[in-house]
Protein chains: 2
Amino acid sequence: MSNSLPLFDDIAAAARRINPFIHKTPVLRSRNLNQLCKTDLFFKCENFQRMGAFKMRGAMNAVLQLSQLEQQQGVATHSSGNFAQALSLAAQILNLRAYIVMPSNSSEVKKRAVLSYGAEIIECEPTLAAREKTLNEVVARTGARFIHPYNDIDVILGNSTAGMELFVETADLDFILAPVGGGGLLSGTALAAHHLSPECKIIGCEPFGADDAYRSLETGEIQPSINPQTIADGLRTSLGEINFPIIKQLVHKIIRVEEDEIVSAMRLVWERMKIIIEPSSAVAFAAIIREKELFENSRTGLILSGGNVDLDHLPF
Amino acid sequence: MSNSLPLFDDIAAAARRINPFIHKTPVLRSRNLNQLCKTDLFFKCENFQRMGAFKMRGAMNAVLQLSQLEQQQGVATHSSGNFAQALSLAAQILNLRAYIVMPSNSSEVKKRAVLSYGAEIIECEPTLAAREKTLNEVVARTGARFIHPYNDIDVILGNSTAGMELFVETADLDFILAPVGGGGLLSGTALAAHHLSPECKIIGCEPFGADDAYRSLETGEIQPSINPQTIADGLRTSLGEINFPIIKQLVHKIIRVEEDEIVSAMRLVWERMKIIIEPSSAVAFAAIIREKELFENSRTGLILSGGNVDLDHLPF
């Protein structure tokens, strides 16, 4: 099965392709949190990425992989979260049209962000069926190319460049943790580790209230995320058929955390590191606190996936 | 008068002295805020400094300048803010006693922070007279050395290392802005600019509700800060006799800002840069937004002085 995995060349090519358009984000450390966790922590700050999340990497790579003819027709996706903003910004940078299908109950903050990047919003009922139907209509009407938020190999390879940068900057990591929602970040990170740091154990992190990745790995089959209940709004989606085999092959384990653990991990990072991370990112740090013994005296990397929060509705 | 200014050697010596104990903080940039302000902004992130503020630099330098005999007696100060934490941490690093006189109405968050660095808190009535009287009693009882939060040349020289790092990393700044409360940061920054980038204009920033530095420069005499009203709690103090002559000689102008401008500048930095700054730091960015034309098409540095906020009491 191993020969079905993308090569390191594919990741390196994605990096070359997107580098002019993304930020190389810093790896921050915290003496304070190291002492608390008794481990050496390396925070890859994708909250400082353009539009505020790692999603920019995958979106940019996918759009750049389209032919000129395809690009002229524009791009489309359905997302109420960071991928909506990422695809909008990637399209804006290349002067392309972007059509974003968003559920009608999406927050005003998120709609404003998408509009600020010049995309067109098409509202739909807040169900998966309505999202897909509306998207199909948009694609039929406009000829735009649908870019899936995570179940797309170019999106996954774009995402893997965050892990690549971390491994290049930080040698000898024992663990790397990433949150898992649809699996686009976790599979991309695992691919980077597989090629650059094969001894490093890859751990996915998710809320108990949306533990479909845990259940999928337990059963060996993709288990849908049904009625997920979590503050980590980026982690409510189900795994995709393209990233699940990568996760199955390369990921060491999944750690699940409680909602109150997510909120207090988020607050701890805000207070001690003075950086803003969203709940989905806090899930990975909460996993380290929850399973402290596993990480003691190790070198542990975390992908802080994003920093888009609504300051008017903080959980503390 | 110029010959009374400290030499660059004095700043460099302070830097050598404190470097093992402080963080060299990053200079962050924001494409987004550059576009908004039509200027090239360079944010010196002292909110990432140990204990969360530039005050660590001055406190560390002052404590390291004491003789071994003086160090053994411990150090004392009165402060309800960041200097209390800074002196406590500096003392803890060197294994010295620290006595902190704090007004009885100081927030629990601040008291806990000071205690977490192993210092002893001595409470007093919330008046300047009570603070000074209590401090004198502490010094008489313990033999501890009083370190003034800002009116002390070693504190000023320690603070100047933040500006020094910024000028070394970032050439050709046209402006550098720093908030002004007691004047320890502004005078230190001005000294660094004077030696490293003499063409750079130094601007102090303060709230209209605590504009004693503005009034002092207008009249040529130190004007006390009487009943200051501002959310920027680090900027309520009056200038000192040691830093006022430096400010008078080297500072180009003072920009004053309204309270709502401080809050919205703070929110803008949180949202766009994903970093946590305290209201006193937001004052400098608010000044750029208020006097946009002055800074257009320039290279402008800002000292983000600190990031210690109470997340339970945010102004938004």
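Rules behind the numbers
- Residues numbered from 1 in each chain as written.
- Chains lettered and ligands numbered in written order.
- Predicted model: local features only at pLDDT ≥ 70, side-chain atom pairs only at ≥ 80, totals over all residues.
- Heavy atoms only, no water.
- Helix = DSSP H or I, 4+ residues; strand = E, 2+ residues; numbered from the N terminus.
- Buried < 20%, exposed > 50% of the residue type's maximum accessible area, 1.4 Å probe, protein only.
- Areas by Shrake-Rupley, 256 points an atom, 1.4 Å probe, with all protein chains shown as cover.
- Lys, Arg positive; Asp, Glu negative; His and termini not counted.
- Charge placed at Lys NZ, Arg CZ, Asp CG, Glu CD.
- Expected span 1.5 Å × (residues − 1).
- Arc of directions from axis to C-beta.
- Contact = heavy atoms within 4.5 Å.
- Buried area = accessible area lost by both parts, 1.4 Å probe.
- Salt bridge = Lys/Arg side-chain N within 4 Å of Asp/Glu carboxyl O.
- Polar contact = N/O pair within 3.5 Å; in protein donor to acceptor, adjacent residues only side chain to side chain.
- Nonpolar A, V, L, I, M, F, W, Y, C, P; charged D, E, K, R; others polar.
- Pairing = 2+ DSSP bridges.
- Axes fitted to C-alpha atoms, helices over the stretch in contact; angles between N-to-C directions.
- Least-squares fit on C-alpha atoms with pLDDT ≥ 70 in both.
- Domains from an automatic or database assignment.
- Parallel < 35°, antiparallel > 145°, perpendicular 65-115°, else oblique.
- Left-handed = near helix turned anticlockwise from the far one by under 90°.

**Q** Outline the overall build of chain A, listing residues and values.
**A** Counting its secondary structure elements, chain A contains 14 helices and 10 strands. Along the first, second and third principal axes, the C-alpha atoms of chain A reach 55 × 45 × 40 Å. The buried share of chain A, taken over its 316 residues, is 59%. Surface exposure of chain A reaches about 12,500 Å², of which carbon and sulfur atoms provide 48%. Of the charged side chains in chain A, 30 are positive and 36 negative; the average position of the first set lies 4 Å away from that of the second.

**Q** Lay out helix 7 (residues 128–142) of chain A in plain terms, naming residues and giving numbers.
**A** Residues and elements named next belong to chain A. Between the first and last C-alpha of helix 7 there are 21 Å, a value that for 15 residues agrees with the 21 Å anticipated at 1.5 Å per step. For helix 7, every residue scored as buried is listed here: Ala-130, Arg-131, Thr-134, Leu-135, Val-138 and Thr-142. Considered in projection along helix 7, the buried side chains sweep an arc of 130° and stay on one side of the axis. The outward face of helix 7, more than 90 degrees from its buried face, is lined by the exposed residues Ala-129, Lys-133, Asn-136 and Ala-140. Looking at the buried residues of helix 7, the elements they touch are helix 4 (68–73), strand 3 (75–78), strand 4 (98–103), strand 5 (120–124) and strand 6 (145–146).

**Q** Before we move on, can you summarise the interface of chain A and chain B with the specific residues and values?
**A** Each partner contributes to the interface: chain A provides 20 residues, whereas chain B provides 20 residues. Each partner contributes to the roughly 1,800 Å² buried at the junction of chain A and chain B, and carbon and sulfur atoms together form 57% of this total. Three residues, Arg31(A), Lys274(A) and Leu311(A), lead the burial of chain A against chain B; their summed loss comes to 37% of the area buried on that side. Where chain A packs against chain B, one counts two salt bridges. Across the salt bridge formed by Arg267(A) and Asp312(B), the nearest N and O atoms sit 3.0 Å from each other. Here chain A and chain B share eight residue pairs in polar contact (both at pLDDT 80 or more) between them. At four residues, the largest contribution of residues to the side of chain A that touches chain B is made by helix 12 (residues 259–273) of chain A. The residue inventory of the side of chain A that touches chain B, partitioned by class, reads nine nonpolar, five polar and six charged.

**Q** I'd like a description of the sheet that holds strand 8 (residues 201–207) of chain A, backed by residues and values.
**A** All names here are of chain A. Spatially, 1-2-10-7-8-9 is the arrangement adopted by the six strands of the open sheet, whose pairing is mixed. In this open sheet, the two strands that pair with only one neighbour each are strand 1 (27–28) and strand 9 (253–257). Note: strand 2 (residues 40–45) against strand 10 (residues 299–304), six bridges, orientation parallel. Along strand 10, the bridge assignment pairs Phe-43 with Leu-302. Strands strand 8 and strand 9 of the sheet are contacted by helix 10 (residues 212–219), whose axis makes an angle of about 145° with strand 9.

**Q** Run through the relation of the copies chain A and chain B, naming residues and quoting values.
**A** Expressed as a screw transformation, the operator carrying chain A onto chain B has a rotation angle of 180° and an axial translation of 0.0 Å, and the superposed copies differ by an RMSD of 0.0 Å. On the angle and the small slide along the axis, the relation comes out as a two-fold axis. Of every C-alpha in chain A, the one belonging to Ile275(A) sits nearest the axis of rotation, 2.1 Å from it. By residue overlap, the copies meet face to face through one surface: 100% of the interface positions of chain A are interface positions in chain B.

**Q** Talk me through the side chain of Thr77(B); I want residue IDs and the actual numbers.
**A** Residue and element names in this part refer to chain B. Summarising the element assignment, Thr-77 is placed in strand 3 (residues 75–78). Judged by its relative accessible area of 0%, Thr-77 falls in the buried class. Only 2.7 Å separates the side chain of Thr-77 from the backbone oxygen of Ile-147, close enough to count as a polar contact. When residues no more than four places from it in sequence are discounted, the contact partners of Thr-77 are Phe-83, Leu-87, Tyr-99, Ile-100, Val-101, Leu-135, Phe-146, Ile-147 and Pro-149.

**Q** Help me get a handle on the side chain of Ser305(B), residues and values and all.
**A** Assignment of secondary structure puts Ser305(B) in the segment after strand 10 (299–304). Among the residues examined, Ser305(B) registers a relative accessible area of 4% and is labelled buried.

**Q** Kindly report on the domain arrangement of chain A, identifying the contributing residues and their values.
**A** Residues and elements named next belong to chain A. The domains assigned to chain A are domain 1 (8–54 + 152–304) and domain 2 (56–146). The C-alpha-based centres of domain 1 and domain 2 are spaced at 24 Å. Across the domain 1 to domain 2 interface the summed buried area is about 1,700 Å²; carbon plus sulfur atoms make up 58%. Summed over the shared surface of domain 1 and domain 2, the result is 13 residue pairs in polar contact (both at pLDDT 80 or more). A per-class count over the side of domain 1 that touches domain 2 returns 10 nonpolar, six polar and eight charged.

**Q** Pulling in residues and values, what's your account of the pairing of strand 2 of chain A?
**A** All names here are of chain A. Most of strand 2 sits out of view: five of its six residues are buried. Bridge count for strand 1 against strand 2 is two bridges, and the pairing is antiparallel. Across the sheet, residue Val-27 finds its bridge partner in strand 2, namely Lys-44.

**Q** Tell me about the packing of helix 3 (residues 55–64) of chain A against helix 8 (residues 153–169) of chain A, residues and numbers included.
**A** To characterise two packed helices, one gives the angle between the axes of the helices and the distance between these axes. Residues and elements named next belong to chain A. Close contact between helix 3 and helix 8 brings their axes to 7 Å; oriented N to C, the two are set at 135°. The angle between the axes of helix 3 and helix 8 places the two elements in the oblique class. For the pair helix 3 and helix 8, the crossing hand works out as right-handed. Residues Arg-57, Gly-58, Asn-61 and Ala-62 of helix 3 form the contact with helix 8, whose own contacting residues are Asp-154, Val-155, Leu-157, Gly-158, Asn-159, Thr-161, Ala-162 and Glu-165.

**Q** Account for the sheet that holds strand 5 of chain A, with residues named and values stated.
**A** Residues and elements named next belong to chain A. Taking strand neighbours across the sheet as the criterion, the four strands line up as 5-4-3-6 in an open arrangement whose pairing is parallel. On the outer flanks of this sheet lie strand 5 and strand 6, each paired with one strand and no other. Direction of pairing for strand 3 relative to strand 6: parallel, over a ladder of two bridges. Residue Val-75 lies in a different strand from strand 6, and its bridge partner there is Arg-145.

**Q** Requested: an account of unusual backbone geometry, with residues and values cited.
**A** Residues and elements named next belong to chain B. Despite not being glycine, Asn-95 has its phi angle at roughly 65°, a positive value. By secondary structure assignment, the location of Asn-95 is in the loop between helix 5 (82–93) and strand 4 (98–103). A relative accessible area of 71% places Asn-95 in the exposed class. A positive phi is found at Asp-172, a non-glycine position, where the angle reads about 60°.

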